[in-house]
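# A structural walkthrough
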Amino acid sequence: MKRFVLIMLAALLSAVLTALFSLPAAWLAPVVERQTAGRLTLGDPEGSLWQGAAFLGVAYDANAPVTPVLPGRFRWTLSPWLLLGWVDARIDNPEALKNTLTVSGRWNEWQLGPVTLQMPAQRLAALGAPLNTLQPTGQMQLSWSGLRVRRSGNQLDVEGSMLLELTDIASALSPVKPLGAYRLQFDWRGARAQLTLGTLSGPLRLEGTGAIEHGRLHFSGLAWAQPGQEQRLAILLNLLGQRRQVGNRNVIALEFQ
């Protein structure tokens, strides 16, 4: 009897392990959706939970196809040590990542290694209004030297700094091309990130500060045209916000609450 029970337990354990190692990559899609509050999902997943591939995208409703927001497909390998509570993953995408992204830690706390992510600004239109109206073009590069991410209930807390650089930015609504180059700094402290926007070069000047808190953006800034470019940028500036007089300069107030 004892031998029979041991055989049954071994068979049950084997079946459970086989099932776990056969989990499809599609199981990750609801995880991504939950952690991004439904903003992002995985499209066309293939492979398994442990070694698979998919593209990162958005779906505007349950029946709509997933629209990619980043170029290429992300391929990952995930160590089975996850079953014991340890995370060890590698993520590659030659079209979007300049280097391999490593993720290590425990179930509820991870360390993201240094990485540089690049994509064309056209992809921003997939995020909806007002970006789909502005139809931006140019190049974007997001980088960090290391981030610590901790799960707290349904919330993700992040510690570290990220830098978003935008170059050769232009818009279908403006004859001025390019509009400029810009830098956006994110300083994450828990569920809140402090934002600082500045202009590196170009006729469209942007500056401001704000915060992302619990997924909501609060931003206050200014936009204006370099001398001699006011008329050519008038239509675009009027779409960005309301005019305001600051000293002897006409500016546009950028307010997102």
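Residues numbered from 1 in each chain as written. Predicted model: local features only at pLDDT ≥ 70, side-chain atom pairs only at ≥ 80, totals over all residues. Heavy atoms only, no water.

### Some thoughts on the overall build of the protein chain
When you go through the protein chain residue by residue, the secondary structure sums to 4 helices and 17 strands. Looking at the protein chain as a whole, 39% of its 257 residues are labelled buried. Contacts in the protein chain between residues at least 24 apart in sequence constitute 38% of all its contacts with a sequence separation of at least 6. For the protein chain, the computed accessible surface area is about 14,800 Å², with 59% contributed by carbon and sulfur atoms. (Helix = DSSP H or I, 4+ residues; strand = E, 2+ residues; numbered from the N terminus. Buried < 20%, exposed > 50% of the residue type's maximum accessible area, 1.4 Å probe, protein only. Contact = heavy atoms within 4.5 Å. Areas by Shrake-Rupley, 256 points an atom, 1.4 Å probe, with all protein chains shown as cover.)

### Notes on the packing of aromatic side chains
We describe a pair of aromatic rings using the distance from one ring centre to the other and the angle between the two ring planes. Counting across every chain of the model gives 1 aromatic pair. Considering the side-chain rings of Phe219 and Phe256, the 6.3 Å spacing of their centres and the 45° angle between planes classify their relative orientation as tilted. One end of the pair, Phe219, is in strand β15 (residues 216-225); the other, Phe256, is in strand β17 (residues 249-256), with 37 residues separating them in the sequence. The buried category is assigned to Phe219, whose relative accessible area is 8%. (Phe/Tyr/Trp six-rings, centres within 6.5 Å; stacked < 30°, edge-to-face > 60°.)

### What to know about the nonpolar core
Formed by 57 residues in total, the largest nonpolar core has its most connected members in Leu112, Trp144, Tyr182, Phe186 and Leu204. Residues within four places of Tyr182 in sequence aside, it is in contact with Leu164, Glu165, Leu166, Ile169, Leu197, Gly198, Thr199, Leu200, Leu204 and Leu206. (Core = buried A, V, L, I, M, F, W, Y, C linked by side-chain atoms within 4.5 Å.)

### Let's talk about the environment of Gly38
Looking at the secondary structure, you find Gly38 in the loop between α2 (28-35) and β1 (41-47). Judged by relative accessible area, which is 49%, Gly38 ranks as partly exposed.

### Description of the pattern of salt bridges
Across all of its chains, the model carries 8 salt bridges by this definition. When the shortest N-O distance is used, the salt bridge between Arg75 and Glu46 registers 3.5 Å. With a gap of 29 residues between them, Arg75 in strand β4 (residues 74-78) and Glu46 in strand β1 connect regions that are remote in the sequence. Note that Glu109 is salt-bridged to Arg106, the shortest N-O span being 3.6 Å. Residue classification places Glu109 among the partly exposed residues on the basis of a relative accessible area of 22%. Residue classification places Arg106 among the partly exposed positions, given a relative accessible area of 39%. (Salt bridge = Lys/Arg side-chain N within 4 Å of Asp/Glu carboxyl O.)

### Quick word on the environment of Ser220
Its place among the elements puts Ser220 in strand β15. For Ser220, a relative accessible area of 36% corresponds to the partly exposed category. Along the backbone, Ser220 and Gln257 are 37 residues apart, and their C-alpha atoms lie at a distance of 8.5 Å. Not counting chain neighbours up to four residues away, the residues in contact with Ser220 comprise Gly208, Thr209, Leu254 and Glu255.

### Observations concerning unusual backbone geometry
Backbone torsion omega between Lys177 and Pro178 reads -5°, so that peptide bond is classified as cis. Topologically, Pro178 is positioned in the loop between β11 (155-171) and β12 (180-190). Even without being a glycine, Asp44 presents a positive backbone phi close to 50°. Of note, Asp44 is situated in strand β1.

### Notes on the confidence of the model for the protein chain
Residues with a pLDDT of 70 or more make up 86% of the protein chain, whose mean pLDDT is 83. Confidence scores differ between elements of the protein chain, with helix α1 (residues 2-21) showing the lowest mean pLDDT of 36 and strand β13 (residues 192-201) the highest of 96. Scored below 50 in pLDDT, residues 1-22 shows 6 contacts in the model against residues more than four places distant or in partner chains. (pLDDT = per-residue confidence, 0-100.)

### Let's talk about the side chain of Ser79
Here Ser79 shows up in the loop between β4 and β5 (86-92). Since its relative accessible area comes to 14%, Ser79 is described here as buried. Apart from residues no more than four positions distant in its own chain, Ser79 is found in contact with Trp50 and Asp88.

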